[in-house]
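Observations on chain architecture
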Amino acid sequence: MHDLLDPWKNPVTYAVPFFLLTIAIELAALKWLDHESDDRPPTGYQGRDARTSMGMGAISLFFSLALKVGSFFVYIAVFEYATPDALKMPTDTWWYWVLLIAAVDLSFYLSHRFVHRVNIGWAAHQAHHSSEYMNFATALRQKWNPWFEFVFWLPLPFLGFSPWTIYVAFGFNLIYQFFTHTEVIGKLPRPIELVMNTPSHHRVHHGSDPEYLDKNYAGIPIIWDRMFGTFVEEKQRPKYGLTKPVGTYNMIKLQYGDYAKIVRNVRAARSWRDRLGYLFGPPGWEPRQKTLSPAGAD
C-alpha cells in the first residue's frame, strides 16, 4: 500500500517535467514556425484557458489518489479471494506487461465510450472537453470525478492481473495520451496512423463538429475504434470544445455544473422513467413530450 501511495512509484510523476518542457517547446513552435499558409491556423494558447487547464490537472491528482486508495482494497480482495490461483500471472515476464497494457487500454476505451454516451458519466468527463483550444495544456484539463474507471478496471484482477500493476500500466497510458493533444504535429506516416492513436486522431475526438462527435475514444492504439466502428479520420480541422460552450473559466462550474443540471432535472421529473433518462440517457436527453413540437404532440 505504501508503494501505491508513494508519488515516486508513479510513472506520471517522472513525466511531469517532460510535460512542462513539451508545453514550452509547443509554445516556441507556435510562435516561431510559419502557420500563415495553413487553411486554419492552430488555436494556440490563451492564457486564462491554459491556467484553468493546469489548475484542474493539479487538483485532479488528489481525486486520482482517492480513487487509488478506495479501489485498491477492493481489487486486492478480488485478486486474493475471488481469482483462481491458476489465473494469477507472473509479473516478471514481458508478455504479462504486453497483455496488461492491452487489457488496460481496452478498459480505458470502454470507460471512455461510456462517459461520452451516458449522461451521468458525461457530467464528469465534459470538463476535459470544455476548452476551445487544442494544446498540451488541454491534456492536463482532467476531471475530478474519475469514479467510473473503478468499474471498468474491476474485471482486471478477476483475470489475474496484480492490482498494483494495473495502476502502473494506466499511468503509462495517460502519459502517452498527453502527447496526442496538439496541433503542431500533423498526420504521421500511414502505418503509424493505421495502428496508433495520434494527434490527428485525437483532434477528431475533441471536435464538436457533427461528424466528429463521439469518435476516436482510443488510448494508445486506435485498433479498438477501428474494430468497434467508432473511428473517423480527420478530414478538416475540428472546431474544439462543447457543442454548447460553457463560457466560463470557473473550475467548480466546469467540474460540477452538469451535475447540478442533472440534480435539477431529476428533482423536476414527473416519473421514474424520466429520472432514469436524465441519469442514464445520452447527453442532452429530454423526455419525449419535451422533444415533440406542438404540431406533433398527441
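Residues numbered from 1 in each chain as written. Predicted model: local features only at pLDDT ≥ 70, side-chain atom pairs only at ≥ 80, totals over all residues. Heavy atoms only, no water.

Here the UniProt feature "domain: Fatty acid hydroxylase" (unreviewed entry) sits at residues 97-230. Strand forms 0% of residues 97-230 and helix 57%; the C-alpha atoms that close the span are 26 Å apart. (UniProt positions renumbered as here; feature names shortened; annotations may be inferred. Helix = DSSP H or I, 4+ residues; strand = E, 2+ residues; numbered from the N terminus.)

Overall, the coordinates contain 24 aromatic pairs when judged by the stated rule. Where phenylalanine 63 meets tryptophan 144, the ring centres are 5.7 Å apart and the plane angle is 10°; that geometry is what we call stacked. Separated by 81 residues along the polypeptide, phenylalanine 63 in helix α3 (residues 47-81) and tryptophan 144 in the loop between α6 (136-139) and α7 (148-153) bring together distant segments of the chain. In this structure phenylalanine 63 comes out as buried when scored by relative accessible area, which is 18%. Relative to tryptophan 164, the ring of tryptophan 97 has its centre 6.0 Å away and its plane inclined at 65°; by these criteria the two rings are edge-to-face. (Phe/Tyr/Trp six-rings, centres within 6.5 Å; stacked < 30°, edge-to-face > 60°. Buried < 20%, exposed > 50% of the residue type's maximum accessible area, 1.4 Å probe, protein only.)

Here we come to unusual backbone geometry. A positive phi angle, close to 60°, is found at aspartate 214, a residue other than glycine. Residue classification places aspartate 214 among the partly exposed positions, given a relative accessible area of 24%. Residues other than glycine seldom take positive phi values, yet asparagine 216 does so here, at roughly 55°. As for its placement among the helices and strands, asparagine 216 is situated in the loop between α11 (199-205) and α12 (223-228). Assessed through its relative accessible area of 0%, asparagine 216 is described here as buried.

Further remarks concern the packing of α3 against helix α9 (residues 163-178). At their nearest, the axes of α3 and α9 sit 9 Å apart, and the two run at 135° to each other. As far as their axial angle goes, α9 and α3 are oblique. Where α3 approaches α9, its residues Lys68, Ser71, Phe72, Tyr75, Ile76 and Phe79 are matched on the opposing element by Pro163, Trp164 and Tyr167. Across the contact of α3 with α9, the residue classes tally to 7 nonpolar, 1 polar and 1 charged. (Axes fitted to C-alpha atoms, helices over the stretch in contact; angles between N-to-C directions. Parallel < 35°, antiparallel > 145°, perpendicular 65-115°, else oblique. Contact = heavy atoms within 4.5 Å. Nonpolar A, V, L, I, M, F, W, Y, C, P; charged D, E, K, R; others polar.)

Moving on: the UniProt feature "transmembrane region" (unreviewed entry) in the protein. Under the feature "transmembrane region" (unreviewed entry), the UniProt entry names residues 12-33, 54-82, 94-111 and 150-176. For residues 94-111, the end-to-end C-alpha separation is 26 Å, with 100% helix and 0% strand making up the annotated structure. In residues 150-176, the share of helix is 81% and the share of strand is 0%. The end C-alpha atoms are 20 Å apart.

A word on the nonpolar core. By size, the foremost hydrophobic cluster in this structure holds 15 residues, and its most contacted members are Leu100, Val104, Trp153, Leu156, Phe161 and Ile166. Counting only elements with at least two residues in this core, the list comes to α3, α4 (94-117) and α9. The element contributing the most residues to this core is α4, with 5 residues. Setting aside residues no more than four positions away along its own chain, tryptophan 153 makes contact with Tyr75, Ser107, Ile166, Tyr167 and Phe170. With 8 residues, the next largest nonpolar core counts Ala15, Phe19, Ala139 and Phe178 among its residues. (Core = buried A, V, L, I, M, F, W, Y, C linked by side-chain atoms within 4.5 Å.)

Here α3 spans 51 Å end to end across 35 residues, near enough to the 51 Å set by a 1.5 Å rise per residue. Along its length, α3 reaches its greatest deviation from straightness, about 30°, at serine 71. (Expected span 1.5 Å × (residues − 1). Bend = angle between axes of the 7 residues up to and from the residue.)

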